[in-house]
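# Observations on the three-dimensional arrangement
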Amino acid sequence: MSNFKKFSLTVIVGIIALIMEFVFDQPQLAFWIIAIVGGLMAISMFIGMIQTLKSGKYGVDILAITAIIATLLVGEYWASLMVLIMLTGGDSLEDYASHQAGRELRSLLENSPQVAHKIVDEQLYDIEVDEATVDDLLLIKPGEIVPVDGSVVAGTTLVDESSLTGESRPVEKNPNDEMMSGSIVKDASIRIKVTKKASDSQYQKLVKLVEESEAKPARFVRLADRYAVPFTLIAYIIGGLAWFVSKDPVRFAEVLVVASPCPLILAAPVALVAGMSRSSRNGIVVKTGTTIEKLAKANSIAFDKTGTLTEGKLSVDDIHSESEQVSEEELLSLAASVEQESTHILARSLVAQARDEKLQLQAVENLQEVTGKGVEAFVDGKKVRIGNASFAGDDCVGQTNKTVVYITVDEQYVGYITFKDILRSEARETIHQLNQLGIEKTVMLTGDDAEIAHQIAESVNISDVHAQCLPEEKIQVLKDLEEKQRPLIMVGDGVNDAPALAVADIGIAMGAHGSTAASESADAVILKDDLSRVSEAVRLSKDTMKVAQQSVLIGIFICVALMLIASAGLIPALLGAALQEVVDTVSILSALRARREKIHTRMHLKPKMS
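The numbers attached to residues start from 1 for each chain and follow its sequence in the written order. Given that the model is predicted, a residue must reach a pLDDT of at least 70 before its local features are reported, and side-chain atom pairs must reach 80 or more before they are shown or counted; all residues, however, enter totals for whole chains, interfaces and linings. Heavy atoms from the whole structure form the basis of all side-chain values; hydrogens and water molecules are not counted.

### Description of the overall build of the chain
Each helix is a run of DSSP H or I of at least 4 residues and each strand a run of E of at least 2, with the numbering of both proceeding from the N terminus. Secondary structure assignment for the chain yields 22 helices and 22 strands. Note on contacts: a residue pair qualifies if any of its non-hydrogen atoms lie within 4.5 Å across the two residues. Put simply, of all contacts in the chain between residues at least 6 apart along the chain, 68% involve residues at least 24 apart. Carbon and sulfur atoms form 55% of the exposed surface of the chain, whose accessible area is close to 27,400 Å². With residues, only the protein chains shown are counted as cover, and all accessible areas are computed by Shrake-Rupley using a 1.4 Å probe.

### Observations concerning a nonpolar patch on the surface
On the surface, W32, I36, L40, I43 and I47 cluster together into a nonpolar patch covering about 540 Å² of accessible area. Along the chain, the position of I43 falls in helix α2 (residues 27-54). For I43, a relative accessible area of 51% gives the class exposed. Nonpolar side chains (Val, Leu, Ile, Met, Phe, Trp, Tyr) are joined into patches within 5 Å and like charges within 9 Å, using only residues with over 30% relative accessible area and no salt bridge. A pair is scored as a salt bridge if a Lys or Arg side-chain nitrogen falls within 4 Å of a carboxyl oxygen belonging to Asp or Glu. Only protein chains enter the area calculation, which uses a 1.4 Å probe; residues under 20% of their type maximum are buried, those over 50% are exposed, and those in between are partly exposed.

### Describing the packing of aromatic side chains
Put simply, two rings from Phe, Tyr or Trp (the six-membered ring, in Trp's case) pair if the centres are within 6.5 Å, and we call them stacked under 30 degrees between planes, edge-to-face over 60, tilted for the rest. Under the criterion given, the structure shown has 4 aromatic pairs. Ring centres 5.3 Å apart and planes at 70° place the aromatic pair F31 and W32 in the edge-to-face group. Note on Y406 and Y413: the rings are 6.4 Å apart at their centroids and 55° apart in plane angle, and the pair reads as tilted. Here the two residues Y406 and Y413 agree in accessibility, since each one is buried. Ring pairs connect the aromatic residues Y406, Y413 and Y416, which therefore count as one cluster. Charge over a ring is defined by NZ of Lys or CZ of Arg lying within 6 Å of the ring centre and within 35 degrees of the ring normal. Note that K247 overlies the ring of F244, its terminal NZ or CZ placed 4.8 Å from the centroid.

### Observations regarding the sheet that holds strand β8 (residues 184-185)
Note on pairing: two strands pair once DSSP finds at least 2 bridges between them. One open sheet holds the 3 strands; their spatial order is β6-β5-β8, and the pairing between them is antiparallel. Looking at the sheet topology across the chains shown, the edges are occupied by β6 (171-173) and β8. Pairing analysis gives 3 bridges linking strand β5 (residues 157-160) to β6, with the strands arranged antiparallel. Note that in β6 the partner of T157 across the bridge is K173.

### Things to note about the pattern of salt bridges
This model, assessed by the stated rule, comprises 12 salt bridges. Between E376 and K383 there is a salt bridge, and its shortest N-O distance comes to 3.9 Å. Residue E376 is classed as buried on the basis of its relative accessible area of 12%. D505 serves as the salt-bridge partner of R486, at 3.2 Å between the closest nitrogen and oxygen. Here R486, found in the loop between α18 (471-479) and β20 (488-492), pairs with D505, found in the loop between α19 (498-503) and β21 (506-510); they are 19 residues apart in sequence, far enough to count as distant. When sorted by exposure, R486 lands in the same class as D505, which is buried. A single network of salt bridges, built from pairs that share partners, joins E376, K383, R385 and E411.

### Details of the packing of helix α16 (residues 427-436) against helix α17 (residues 450-460)
Packing of α16 against α17 brings their axes to within 8 Å, and their N-to-C directions diverge by 60°. When the axes of α16 and α17 are compared, the pair comes out oblique. Taken together, the residues of α17 that come into contact with α16 (itself represented by A427, R428 and I431) are E458, S459 and V460. Taken together, the residues that form the contact of α16 with α17 break down as 3 nonpolar, 1 polar and 2 charged. To get an axis, fit a line to the C-alpha atoms, keeping to the stretch in contact for a helix; angles then go from 0 to 180 degrees between the N-to-C directions. Angle categories: roughly parallel below 35 degrees, roughly antiparallel above 145, roughly perpendicular from 65 to 115, and oblique for all the rest. Amino acids outside the nonpolar list (Ala, Val, Leu, Ile, Met, Phe, Trp, Tyr, Cys, Pro) and the charged list (Asp, Glu, Lys, Arg) are all regarded as polar, and Gly is one of them.

### Remarks on the nonpolar core
Within the largest apolar cluster, 36 residues are counted, with the highest numbers of intra-cluster contacts made by F303, I489, V491, I508 and V534. The dominant element in this core, judged by the number of residues it contributes, is helix α21 (residues 532-567), at 5 residues. Residues within four places of V491 in sequence aside, it is in contact with I301, A302, F303, D304, T308, L501, I508, M510, L531 and V534. Buried Ala, Val, Leu, Ile, Met, Phe, Trp, Tyr and Cys residues form a nonpolar core when they are joined through side-chain atoms within 4.5 Å.

### Quick look at the confidence of the model for the chain
Every residue is assigned a pLDDT by the predictor, reflecting its confidence on a scale from 0 to 100. Confidence along the chain averages 76 in pLDDT terms, with 79% of residues attaining 70 or more. In this model, residues 212-221 is a region of pLDDT below 50 whose contacts with residues beyond four sequence positions or in other chains number 20 contacts.

### Let's talk about a negative patch on the surface
Together, E329, E330, D356 and E357 line one region of the surface with negative charge. Of note, E330 is situated in helix α13 (residues 328-339). Judged by relative accessible area, which is 44%, E330 ranks as partly exposed. Positive: Lys, Arg. Negative: Asp, Glu. His and the chain ends are not part of the count. Charge placement uses NZ in Lys and CZ in Arg. For Asp and Glu, CG and CD serve respectively.

### Thoughts on α13
A rise of 1.5 Å per residue sets the reference length of α13, with its 12 residues, at 16 Å; its end C-alpha atoms lie 16 Å apart and thus fit the reference within 8%. Within α13, 9 of the 12 residues are buried, which leaves the element mostly enclosed by the surrounding structure. Every buried residue of α13 is listed here: L331, L332, S333, L334, A335, A336, S337, V338 and E339. Multiplying 1.5 Å by the helix residue count minus one yields the expected span of that helix.

### Section: the side chain of T291
By the secondary structure assignment, T291 is in helix α11 (residues 289-297). Once residues lying within four places of it in the same chain are set aside, the contact partners of T291 are V286, I506 and D523.

### What to know about the pairing of β20
Most of β20 is tucked away: 5 of the 5 residues are buried. Of the two faces of β20, the one lined by L488, M490 and G492 and the one lined by I489 and V491 are each fully buried. With 4 bridges joining them, strand β11 (residues 300-304) and β20 adopt parallel strand pairing. In the strand pairing of β20, I301 is matched with I489. Summarising the sheet, β20 and β21 pair through 4 bridges and their orientation is parallel. By the bridge assignment, G492 is partnered in β21 with A509.

### Focus on the sheet that holds β11
Remark on secondary structure: sheet strands pair via backbone hydrogen bonds, oriented parallel or antiparallel. Pairing is mixed across the open sheet formed by 7 strands, whose spatial order is β10-β22-β21-β20-β11-β18-β19. The open sheet has two edge strands with one neighbour each: β10 (284-286) and β19 (464-466). Across the sheet, the mean angle separating the axes of adjacent strands is 20° when strand polarity is ignored. Judged from the 3 bridges that link them, β21 and strand β22 (residues 524-526) form a sheet pairing that is parallel. The residue of β22 that forms the bridge with A509 is V525. Its contacts with the sheet place α18 against β11, β18 (441-445), β19 and β20, and it is angled at close to 165° to β18.

This is the structure we're talking about:
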């Protein structure tokens, strides 16, 4: 039975008992109704407590069980009902804060390719992806996701593998090249021969990794549980001494009623729900209360590069003219003029850069696009070629290992233009703020080239860099972190980040333009395309936990004071239950402070001028 159903049942039982006693004048029947339900709840809680202790954890259950049983044994059944309502209500609140409904794996499956175009005797048939077998011939159209792992048998195209490998630049695929499922064909249809069934392909490996990661959740002690043992011992000691001195067992029950752990059970969940609400107003969806607790204590953070620290799109980096007759400005203008009518993946970057520099683009004639190689056109009567080295001219091979296009004019090589992934303007300041918030270790995990990765890391002050990582290797890096460096935050946005987000203590997904699979596998999602929300999430979590801790302690101190008064016989059980409601109200009102914005402590992240 879910905690919400237990809470609903308790409320219904309470209403029935009230009607029995105060409408039909049947106090004995009211007692037995509450006693039966309370007894069953206590047994259920006892079984759960044993299972919790076996797993090496502890909580406030033992005190609640004792309070329920003690009040029933001495006939204070209304006090017992009060404890039950607060107990089940607190558990329901915690469930509400933690509800994810198992959407993680479903999202991965729903976003995986479902249909494949099978070629038989030059006829095209749509089949279910699971029906594709090894050696089948498939057609992949531009813009489609590769459904299964395979090998290119015909055609040349550019492929976006960034969501799988983290490599920001497009990859050219030619006959005999391997194709990974989950990658996206960009500019031309290709034919592939299936080398692995769907269940064994790369995309399904990611699904399995998420399944394995979520099956082994990290152990974590919640805020309320940390206070459970000392609070329980204090309650038993005061109650036991009161019983021993007075020789009256009712005195023990009276102490335990005011000692019921409702502040522990209610204050923390209310503060966490309030903190989650506050986070959502700041563009951060935190899925569970436990995530806030872990974020507040985080010691390390790991970032994916492409789409996380960077914007995930390429911009012009360097323009190199190799001809005295063509300046760098003329080279960019020439390239952008040819590319302005092209569908080439780098065309937008060239045209955007030319417009930023207010260059005049020229008219082109006889534009021809050679798939996977480049673009050819006539500009002012001159034949201009822009593309890879073999297309533009073999003499320019090996000029750079960056993403690059080479340019020739009338078969003469005149220069090349390189591209880079754009660093987020707020990235450096975000890392600085995280360090100020107590994050001691920062890591970059990327499938991209090591040289590019180190350049980005140096720009944002990240010293620990792991480049050319596959999803499995990212997970291993996270698992190898020392215990003192945990809890660990992982921030990413691609499909390839989903397993790492799931295996980290806290996974944060950049969800504005990122993969749905990454968002669903994460514990928190940044809805705004703003990396500074990551440091804001940590700050809000610390603030929330501070309020939660204060609220719990306020409740505990009031309870201890009431226990001491009750031990002298000055608070009857029913009055104690009523006073407990006052304590609960004070704790809840205190916890709700976590929902308020504190303008004077808000971070204002501004990009530093370089």
